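# Working through the structure, step by step
Given next are the chains, with one letter for each unit.
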Amino acid sequence: MNDLAIPTPFTALVGVRHPVVQTGMGWVAGPRLVSATANAGALGILASATMTVEQLRAAVREVRSRTDAPFGVNLRADAGDAAERARIIVEEGVRVASFALAPSRELIARLKDAGVVVVPSVGARRHAEKVAAWGADAVIVQGGEGGGHTGSVATTVLLPQVVDAVDIPVVAAGGFHDGRGLVAALAYGAAGIAMGTRFLLTSDSTVPEAVKARYLAAAVTDVTVTTQVDGLPHRMLRTELVDALERSGRASALLRAVRHAAAFRRESGMSWPEMVRDGLAMRHGRDLTWSQILLAANTPMLLRASMVDGRTDLGVMASGQVAGVIDDLPSCAELVERLMSEARTALHALPATT
């Protein structure tokens, strides 16, 4: 695969062969997927938000036992135990720390001082400018096509704004699944692409086969954005459950959120005071109502029902729009090699300039 490599500032920064990132998807991006991605020459990112602190350390060590290649860990910057999780990253020698929300200036500095590469994910130019000013080494910028929590601005509009605004490597996310997309992102000035749904739909993913089949059967129009799961825009497959959630009233939604909050407390080992502190942290600076904070408890448990238990009737399936154009389940090695081959072909097919 070395002859297919396309070096960029991002590959040099994190030490991987290919400018491709597998995103940190809760319940999905575990040790098997992350290590398979890393062994394929891309950057695998372990999702830690759905793990206890002890599970995180064990997962990091399992990835390390499966690969010598660099990998990353995704953290919730607003979690009450973010500093403790960051300490594990440092102690275990993890190469990259990624964040779904902007980490504090102090947390960035602490990680950088320990030699960790800090890569926050952002959904707006101003957020990229802020974390770059605070010392972030790179950013992942996700457009509205991406799965999970997302914004309304398309990648093709958001990406060049961010590239023009910061002088650190920018990785593009939202709408990518093949080598042509990588070439397009590079043309915009990005230093790589990040993909979630495409890596979820691999043979190395631990998502139940019946759930993968639902993704593969989906058309582009079967992927929707709803606020009824946790009060914030969330892109996912449209299912009977999603339709039912959108028909449900406010009272039933809040009752459901209370039940899921209790379930997630048991799953995560968190105390109620810790969950309240996390809720306060989520609310700070984000203009969220307490109802939205409570509804946020829906997300991890509804995702777990599908991604772990295989219950598509009881769970939701976060999804980028690209689910509608994916029709196979390659291994991570096959996927990355194919993507880089497609990128080389696309580059060679471009008209020669004079």
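Residues numbered from 1 in each chain as written. Predicted model: local features only at pLDDT ≥ 70, side-chain atom pairs only at ≥ 80, totals over all residues. Heavy atoms only, no water.

### Digging into the pairing of strand 2 (residues 43-47)
Within strand 2, 5 of the 5 residues are buried, which leaves it mostly tucked inside the rest of the structure. Covered by surrounding structure in strand 2 are Leu43, Ile45 and Ala47 together with Gly44 and Leu46, the residues of both alternating faces. Where strand 1 (residues 20-22) meets strand 2, 2 bridges bridge the pair, whose relative direction is parallel. When the sheet's bridge partners are listed, valine 21 is paired in strand 2 with leucine 43. For the crossover that starts at strand 1, traverses helix 2 (residues 31-39) and ends in the parallel strand 2, the hand is right-handed. Looking at chain direction, strand 2 and strand 3 (residues 71-75) are connected through 4 bridges and run parallel. What sits directly across from isoleucine 45, in strand 3, is glycine 72. (Buried < 20%, exposed > 50% of the residue type's maximum accessible area, 1.4 Å probe, protein only. Helix = DSSP H or I, 4+ residues; strand = E, 2+ residues; numbered from the N terminus. Pairing = 2+ DSSP bridges. Right-handed = clockwise from strand over helix to strand, strands pointing away.)

### Description of the nonpolar core
Ranked by internal contacts, the top residues of the largest apolar core, which has 60 residues, are Tyr215, Met307 and Val316. In terms of residue count, helix 16 (residues 332-349) provides more of this core than any other element does, 7 residues in total. Not counting residues within four places of it along the chain, the set of residues in contact with valine 316 comprises Val229, Met236, Leu241, Val242, Leu245, Leu302, Leu303, Ser306 and Met307. Counting residues in hydrophobic clusters, the runner-up holds 24 residues, among them Leu46, Ile88, Leu107 and Val118. (Core = buried A, V, L, I, M, F, W, Y, C linked by side-chain atoms within 4.5 Å. Contact = heavy atoms within 4.5 Å.)

### Re helix 8 (residues 179-188)
Restricting attention to buried positions, one finds in helix 8 the residues Gly179, Gly181, Leu182, Val183 and Ala185. Buried residues in helix 8 make contact with helix 7 (155-165), strand 8 (170-173), strand 9 (192-195) and helix 16. In the segment just after helix 8, glycine 189 is the residue with positive phi, at about 110 degrees.

### Description of the sheet that holds strand 11 (residues 234-237)
Here 3 strands make up an open sheet; going across it, the order is 7-11-10 and the pairing antiparallel. The sheet is open, and its two edges are formed by strand 7 (148-149) and strand 10 (223-226), each paired on a single side.

### Details of the pattern of salt bridges
In total, this model carries 19 salt bridges according to the counting rule given. In this structure, the salt-bridge partner of aspartate 78 is arginine 76, at a minimum N-O distance of 2.9 Å. Residue arginine 76 is classed as partly exposed on the basis of its relative accessible area of 27%. Between aspartate 81 and arginine 85 there is a salt bridge, with the nearest N and O atoms lying 3.1 Å from each other. Owing to a relative accessible area of 23%, aspartate 81 belongs among the partly exposed residues under this scheme. Within this structure, Arg57, Arg61, Glu84, Arg87, Glu91 and Glu92 form a network of salt bridges that share partners. (Salt bridge = Lys/Arg side-chain N within 4 Å of Asp/Glu carboxyl O.)

Read these as geometric descriptors, not functional statements.
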